[in-house]
Amino acid sequence: MTHAPDDLGIRIRGLTKTYDGGDPARPALESVDLDVGPRRFVSLIGPSGCGKSTLLRVIAGLEDHDTGEVSLFGSSPRALCAAKGVGLVPQTPALLPWQTVRRNIGLPRRVNRRAGTGGEDPDELLRAVGLSDVAHRYPHELSGGQRQRVAIARAFGLGPRLLLMDEPFSALDEFTREALRLQLLGLWQRRATTVVFVTHSVREAVTLSDEVVVMSARPGRVHEVVRVDLPRPRDAAVVTGPHMHAMEDRVRASLQSAWETGAAPDDLVTL
Ligand SMILES: Nc1ncnc2c1ncn2[C@@H]1O[C@H](COP(=O)(O)OP(=O)(O)O)[C@@H](O)[C@H]1O
Ligand SMILES: [Mg+2]
């Protein structure tokens with residue numbers, strides 16, 4: 001069956017990556033196969049050092065790989081990146097310290113305007129992440145959670161087809177994280193963005209995702225893809241319901257079996 005270009009998402013086949021100077025017998029990623037459908041929300045979860053950030057950087061076109069294929073909506077990572085089709089949100093938000101929240105969020109629009117393309121209204125984005133009241137503050141005047149909301153709103157403002165998020169909430173307290181997850185889902189649901197989200201939190205992965213990709217360490221591989229069949233929107237009733245707990249247990253069991261079948265992850269190797 002042939003697909004229209006719009007049906008294509010992320011397609012990764014036989015991806016292997018060894019860092020320069022790394023042990024060729026233990027690549028950072030080995031034989032990774034992964035499919036992410038367009039407009040899906042997918043999380044990567046696994047122990048430290050299993051290659052989650054490496055996989056994200058390869059998808060972003062920031063890192064070369066040794067063998068295998070990576071296709072993003074039928075393009076190469078570099079081509080999609082050059083067309084401003086990929087956004088990346090790191091753990092620590094990289095905001096412009098000398099510009100206000102509003103100007104930080106409006107940055108993609110100013111860049112796009114110069115390029116003759118569109119861009120989202122910064123005031124709409126501010127409202128969507130509940131930051132209208134602090135629009136005129138500078139990044140150093142914000143809490144960690146507020147800074148990350150600015151970074152996320154700005155990333156959506158670019159209108160990327162693909163948004164890659166590397167543990168964006170891991171420095172925040174659980175209460176703030178819960179609130180940000182729902183805001184993130186709100187932003188995603190109204191847009192045509194495919195999201196790949198790295199997290200250490202089983203609850204976070206299940207709350208957000210259509211599929212949770214469980215990875216095993218050393219070498220980094222996809223152990224299992226767990227489908228999250230919870231309804232959307234993932235409102236309070238859904239995320240506190242019994243089915244949610246069953247899904248969390250299902251992902252925990254998969255992590256446990258990845259642990260048992262894989263070699264010891266990085267943070268245990270030195271013990
Ligand atoms: N720039 C690098 N140079 C050499 N080795 C690296 C580099 N970045 C990561 N690694 C190694 O690759 C493996 C995967 O790392 P990483 O992708 O950061 O894992 P994760 O994000 O899952 O914690 C680890 O063994 C790590 O030590
Ligand atoms: Mg990482």
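Residues numbered from 1 in each chain as written. Chains lettered and ligands numbered in written order. Predicted model: local features only at pLDDT ≥ 70, side-chain atom pairs only at ≥ 80, totals over all residues. Heavy atoms only, no water.

## Looking at the site of ligand 1
Okay, so step 1: Around ligand 1, 13 residues are found, and the nearest of them are Gly 49, Lys 52, Ser 53, Thr 54 and Arg 218.
Okay, so step 2: Cys 50 is positioned with one of its backbone polar atoms (N or O) 3.2 Å from an oxygen atom of ligand 1.
Okay, so step 3: One of the side-chain N or O atoms of Ser 53 is found 2.9 Å from an oxygen atom in ligand 1.
Okay, so step 4: Out of a free accessible area of 570 Å², ligand 1 has 64% covered by protein chains.
Okay, so step 5: At 4 residues, the largest contribution of residues to the shell around ligand 1 is made by helix α1 (residues 52-59).
Okay, so step 6: Its residues assigned to classes, the shell around ligand 1 comprises 4 nonpolar, 5 polar and 4 charged. (Near = heavy atom within 4 Å. Polar contact = N/O pair within 3.5 Å; in protein donor to acceptor, adjacent residues only side chain to side chain. Areas by Shrake-Rupley, 256 points an atom, 1.4 Å probe, with all protein chains shown as cover. Helix = DSSP H or I, 4+ residues; strand = E, 2+ residues; numbered from the N terminus. Nonpolar A, V, L, I, M, F, W, Y, C, P; charged D, E, K, R; others polar.)

## Quick notes on the packing of aromatic side chains
Okay, so step 1: For the coordinates displayed, the defined rule picks out 3 aromatic pairs.
Okay, so step 2: Between the aromatic rings of Phe 41 and Trp 188, the centroid separation amounts to 5.4 Å while the plane-to-plane angle is 85 degrees, which identifies the pairing as edge-to-face. Here Trp 188 lies in helix α6 (residues 174-189) and Phe 41 lies in strand β3 (residues 41-45), a separation of 147 residues in the sequence. Comparing Phe 41 with Trp 188, the two get one shared label, buried.
Okay, so step 3: Ring geometry for Phe 41 against Phe 197: centres 5.9 Å apart, planes inclined by 40 degrees, an arrangement best described as tilted. Here Phe 197 lies in strand β7 (residues 194-198) and Phe 41 lies in strand β3, a separation of 156 residues in the sequence. (Phe/Tyr/Trp six-rings, centres within 6.5 Å; stacked < 30°, edge-to-face > 60°. Buried < 20%, exposed > 50% of the residue type's maximum accessible area, 1.4 Å probe, protein only.)

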